[in-house]
Amino acid sequence: MSSHYNPYVSQLRLPALLLLSLLLTAAAVSDRARALHNSSLVFDAHIHSIEREFYHGGDIGQRKADGHFDLPRARDGGLGAMFFSFYVTEDYYPGRFETKQALRLIDACITQIQANSGVIEVAHNATEVERIHAAHKIAAVLDIEGSFDLDGDVLVMRDFYRLGLRSMQLSAHNWQSNYADSCCAGTFKWNGLNDRGRAWIREANRLGMVINVSHASDDAISQAIDTSTDPVIATHHGLRQVNDIPRNMPDWLLKKLAAKGGVIGFQIGNEFHNRKVFDWVTAHAGKPFWDTKAIHDRAPMSIFEIDQIAARGFPMVGTSAPDDLKLTVDDWVAVVDRAIQMVGEDHVALGTDFDGGPTPPKDMHDVSDLPMITDAMLRRGYSEDRIRKFLGANLLRVFRQITEKH
Ligand SMILES: [Zn+2]
């Protein structure tokens, strides 16, 4: 509310500063791109929205100088809807505090959204997304990152649904679960899904819950597509043909996901799409993925002590990889283009993972820079219709199929 007026800046200097900032903004993004962006539904499939406030206090309605996401910057970036993702970190698993932590985070999400009800509102289906967007507010779809919390238990899933959750991740992030293999837990236990995993998918279909396959193993994703009567969504992902890591999707699997009507959301980070930065991170920052062994080896502790440890990870803002190694926004769009060449323009979406650890493309800093993507897509020669599909129409279409079939 207050950031546009600083009493310590004199009234005479303010217009000059405003003019300067407008000129800088205009230099980065064309007028045509900004107009197209602002008249489109921009629907991001994955933003880590709440951990920062949960662990460090504050309000999502406050503009911050660091991190990637807050509501004022989301407005600046033309964001219309988002998967409002909350992440129960692996720290809570060994003590079996994961379901309790999920409930605490759902409370934090709803409390913060209610405190900012003039700007953001929870959406339970696609029609609500459209209604909230038409009212010039941001629609928030509650989404859980990692579902160790659910433990493959459909009764708990139904409780979370009643609390407003509409999207869940298959598999337990970077950890082994009791119903579906993760891409990146080190070993595969179920060769994909077991019977509990298949029951989990059938119940998600019945309720109208998004099955988010990011972080699952290839076999788990493939079997989820076979089992589900709805399309599935890879909310924040990359392509293995660009960077050959297990977290990214191989071509055969992307084709299968698209054939079932699903979408892949493109994560914004260099680590997913740029081998040079991935290797730099590996060399300079140690292990690129969660250190599960260190968590396993910790002495038992209370949930409040675990909070103190987990808090150090947020906000997750990516690495300090040198600029000359980073992708440009045009390079990033070229990765999306590879998927479009393979499966067409109806199966790609935005899934930035802001505040979940990505290192955005060069010159992109946070959610306020989303119009740079629209600009790059226009430079690439994409039609406005194709760009609108990528920005949000594809994700909305699939979200409607899942949430409004009854
Ligand atoms: Zn993730």
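Each chain has its residues counted from 1, following the order in which its sequence is written. Restriction of local features to residues with pLDDT of at least 70 applies here, the model being predicted, together with a cutoff of 80 or more for giving and counting side-chain atom pairs; totals for whole chains, interfaces and linings are based on all residues.

> Got a minute to help me understand the overall build of the protein in this structure?
A count of helical and extended segments in the protein gives 17 helices and nine strands. Computed over C-alpha atoms, the radius of gyration of the protein comes to 20 Å, within 12% of the 22 Å expected from 2.2 N^0.38 for 406 residues, which places it in the range of a compact globule. Structurally, the protein occupies a C-alpha span of about 65 × 50 × 50 Å along its principal axes. What counts as a contact here is a pair of residues whose C-beta atoms, placed from the backbone, lie within 7 Å. Here the contacts in the protein between residues at least 6 apart in sequence split such that 78% fall between residues at least 24 apart. Starting at the N terminus, helices and strands are each numbered in turn, a helix being any DSSP run of H or I of at least four residues and a strand any DSSP run of E of at least two. Between the two quantities, the radius of gyration covers C-alpha atoms and the globule rule is 2.2 Å times the number of residues to the power 0.38.

> I tried to follow the pairing of strand S1 (residues 43-48) on my own but got confused; where do I start?
On a regular strand, each side chain points to the face opposite its neighbour's, so the side chains alternate between the two faces of the sheet. Of all six residues in S1, six are buried, a share of seventy percent or more. What makes two strands pair is DSSP finding at least two bridges between them. Bridging between S1 and strand S2 (residues 81-87) involves four bridges; their strand directions are parallel. Within the sheet, the bridge partner assigned to Asp44 lies in S2 and is Met82. Field definition: a residue is buried when 20 or more other C-beta atoms are found within 10 Å of its C-beta, exposed when 12 or fewer are, and partly exposed for counts in between, with C-beta atoms placed from the backbone.

> Is there a simple way to think about helix H5 (residues 98-115) in this case?
In an α-helix there are 3.6 residues to a turn, and that puts residues three or four apart on one side. Here the expected length of a helix is defined as 1.5 Å per residue gap, with one fewer gap than residues. Taking 1.5 Å per residue as the helical rise, H5 with its 18 residues ought to reach 26 Å, and the 26 Å between its terminal C-alpha atoms agrees with that figure. For H5, the complete set of buried residues consists of Glu98, Gln101, Ala102, Leu105, Cys109, Gln112 and Ile113. Taken down its axis, H5 places every buried residue within 105° of arc, on the same side. Tucked inside the fold, the buried residues of H5 contact helix H3 (51-56), S2, strand S3 (120-122), strand S4 (138-145) and helix H14 (303-310). Here the arc refers to the set of directions running from the helix axis out to each C-beta atom.

> Please clarify how helix H17 (residues 384-403) should be interpreted in this entry.
Look at H17: 27 Å from first C-alpha to last across 20 residues, which is about the 28 Å you get at 1.5 Å a residue. One fitted axis covers the seven residues ending at a residue, a second covers the seven starting there, and the bend at that residue is the angle between these axes. The largest bend in H17 comes to about 60°, at Phe390.

> Just to check I follow, could you spell out the pairing of strand S7 (residues 233-237) for this structure?
With respect to burial, S7 is a largely interior element, five of its five residues being buried. Relative to strand S8 (residues 263-266), S7 runs parallel, the two being bridged by three bridges. Pairing of Ile233 across the sheet is with Val263, part of S8. In this fold, S7 hands off to helix H10 (residues 251-259), which returns the chain to S8; that crossover is right-handed. Here is how to tell: hold the view so the strands point away, follow the path from the first strand over the helix to the second, and if it runs clockwise the crossover is right-handed.

> I would appreciate a short explanation of unusual backbone geometry in the present structure.
For residues other than glycine, phi is negative in most cases, and the peptide bonds are mostly trans. In this structure, the amide linkage connecting Phe314 to the following residue, Pro315, adopts the cis form with an omega of -5°. Note on placement: Pro315 falls in the loop between H14 and helix H15 (329-343). Even without a glycine there, the phi angle at Arg96 is positive, about 55°. A residue is classified by how many C-beta atoms lie within 10 Å of it, and Arg96, with 10 of them, is exposed.

> Can you help me understand the nonpolar core in this one?
One broad trend across soluble globular proteins is that nonpolar side chains are buried collectively. Defined on buried residues, the nonpolar core groups Ala, Val, Leu, Ile, Met, Phe, Trp, Tyr and Cys residues joined through C-beta atoms within 7 Å. Grouped together as the largest cluster of nonpolar side chains are 105 residues, with contacts concentrated most on Met82, Ile138, Ala140, Ile211, Ala224 and Ile264. It is H17 that provides the largest number of residues to this core, a total of eight residues. Among all residues touching Ile138, those that are not within four sequence positions of it are Leu71, Ala74, Leu79, Gly80, Ala81, Met82, Val119 and Ile120. Among the nonpolar cores identified, the runner-up in size contains five residues, and Val277, Trp280, Val281 and Ala321 belong to it.

> Before we go on, may I ask you to explain the packing of helix H9 (residues 218-227) against H10 in this structure?
Describing two packed helices takes the angle between their axes plus the distance from one axis to the other. Simply put, an axis is a line fit to the C-alpha atoms, just over the touching stretch for a helix, and the angle between two N-to-C directions goes from 0 to 180 degrees. Close contact between H9 and H10 brings their axes to 10 Å; oriented N to C, the two are set at 20°. Judged on the interaxial angle alone, H10 and H9 are roughly parallel. The way H9 lies across H10 gives a crossing that is left-handed. Residues Asp218, Ile221, Ser222 and Ile225 of H9 form the contact with H10, whose own contacting residues are Leu253, Lys256 and Leu257. Here is the rule for angles: anything less than 35 degrees is roughly parallel, anything more than 145 is roughly antiparallel, 65 through 115 is roughly perpendicular, and the remaining ranges are oblique. Handedness of a helix crossing follows the sense of rotation of the near helix relative to the far helix, less than a right angle counterclockwise being left-handed and clockwise being right-handed.

> Sorry if this is basic, but what is going on with the confidence of the model for the protein here?
Low-pLDDT stretches of the model should not have their predicted coordinates read in fine detail. Note on scores: pLDDT gives the predictor's confidence for each residue, bounded by 0 and 100. Chain-level pLDDT for the protein is 90 on average; 92% of the residues reach the 70-or-more range. With pLDDT under 50 throughout, residues 1-27 is counted as low confidence; its partners more than four residues away or in other chains account for four contacts.

> Explanation requested: the environment of Asp44 in the structure shown.
In this fold, Asp44 is placed in strand S1. In sequence terms Asp44 and Met82 are 38 residues apart; their C-alpha atoms lie 4.6 Å from each other. Residues contacting Asp44, with those up to four places away along its chain left out, are Leu79, Met82, Phe83, Leu350, Gly351 and Thr352.

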